[in-house]
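# Structure assessment
Okay, here's what each chain looks like letter by letter:
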Amino acid sequence: MPFVVQEIPDIWVDVEIRTPGLEEPEALQARWRLHPFEDYKARLEKLQHGELGDEEIVEEDLLELAGAVTADGKDLPHCPELVAEVMNKTYARKALVLSWHKAQEGRAAAAAKN
């Protein structure tokens, strides 16, 4: 199949979260805004130099979170409170921010298994 040169504005990626006390990882899906390489490179350098923080990356580039549920199994819709809750848990925060890098590299979420 030939490569189609086109703009891809966003991508869904899996967020694998290693929750302390659980043997198996938990998962969310995140939809991130994609950046052209030069913009990505500039943002990455700002991250590495402390000029840009995790909060800014999430605030500016996270478009949607899916796959979160309450303790009794009810789906949680994407909202600022959900994002804040994920960002407040160190183990989940790291996984979410790492998924931004996966997104920028084009590593899309795996297709759902039937």
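Keep in mind that this is a model prediction, so the values were computed, not measured.

On the secondary structure map, T19 appears in the loop between β1 (10-17) and β2 (26-33). Given a relative accessible area of 14%, T19 falls into the buried group. Apart from residues lying up to four places away in sequence, T19 is in contact with E26 and Y91.

Side chains of β1 alternate between two faces, with I11, V13, V15 and I17 buried and D10, W12, D14 and E16 left unburied. Where β1 lies against β2, 8 bridges are found, and the strand directions are antiparallel. Bridge pairing in β2 links D14 to Q29.

Let's shift gears to the pattern of salt bridges. Within this structure, the stated rule accounts for 11 salt bridges. The salt bridge partner of E60 is R43, with a shortest N-O separation of 3.0 Å. Of this pair, E60 sits in helix α2 (residues 54-61) while R43 sits in helix α1 (residues 37-48); the two residues are 17 residues apart in sequence, bridging distant segments of the chain. Its salt-bridge partner being R93, residue E55 comes within 2.4 Å of it at the nearest N-O pair. Taken together, the positions of E55 in helix α2 and R93 in helix α4 (residues 90-104) put the pair 38 residues apart, joining distant regions of the chain. On the basis of relative accessible area, E55 is assigned to the partly exposed category, the value being 43%.

Attention now goes to the packing of α2 against α4. Interhelical geometry of α2 versus α4 gives an angle of 60° and a closest axis separation of 10 Å. One way to sum up the angle between α2 and α4 is to call them oblique. As α2 packs across α4, the resulting crossing turns out to be left-handed. Two secondary-structure elements touch here, α2 through D54, E55, I57, V58 and D61 and α4 through R93, L96, V97 and W100.

Two numbers describe how α1 lies on α4: the axes approach to 12 Å, and their chain directions differ by 155°. Classified by the interaxial angle, the pair formed by α1 and α4 is roughly antiparallel. Classified by chirality, the crossing of α4 by α1 is left-handed. On the side of α1, the interface is formed by Y40, R43, L44 and L47, while α4 contributes W100, H101 and Q104.

Turning to the environment of Y40, a few remarks are in order. Secondary-structure assignment places Y40 in helix α1. Assessed through its relative accessible area of 12%, Y40 is described here as buried. Linking Y40 and H101, residues 61 residues apart in sequence, is a C-alpha distance of 9.2 Å. Excluding residues within four positions of it along the chain, Y40 makes contact with H35, W100, H101, Q104 and E105.

Taken in spatial order, the 3 strands of this open sheet run β1-β2-β3, and their pairing is antiparallel. The two strands at the open ends of the sheet, each matched to only one other strand, are β1 and β3 (62-66). Direction aside, the axes of adjacent strands within the sheet are offset by 25° on average. In the packing of α2 onto the sheet, the strands contacted are β2 and β3, and the crossing angle to β2 comes to about 70°.

Cut-off values and rules
- Residues numbered from 1 in each chain as written.
- Predicted model: local features only at pLDDT ≥ 70, side-chain atom pairs only at ≥ 80, totals over all residues.
- Heavy atoms only, no water.
- Helix = DSSP H or I, 4+ residues; strand = E, 2+ residues; numbered from the N terminus.
- Buried < 20%, exposed > 50% of the residue type's maximum accessible area, 1.4 Å probe, protein only.
- Contact = heavy atoms within 4.5 Å.
- Pairing = 2+ DSSP bridges.
- Salt bridge = Lys/Arg side-chain N within 4 Å of Asp/Glu carboxyl O.
- Axes fitted to C-alpha atoms, helices over the stretch in contact; angles between N-to-C directions.
- Parallel < 35°, antiparallel > 145°, perpendicular 65-115°, else oblique.
- Left-handed = near helix turned anticlockwise from the far one by under 90°.

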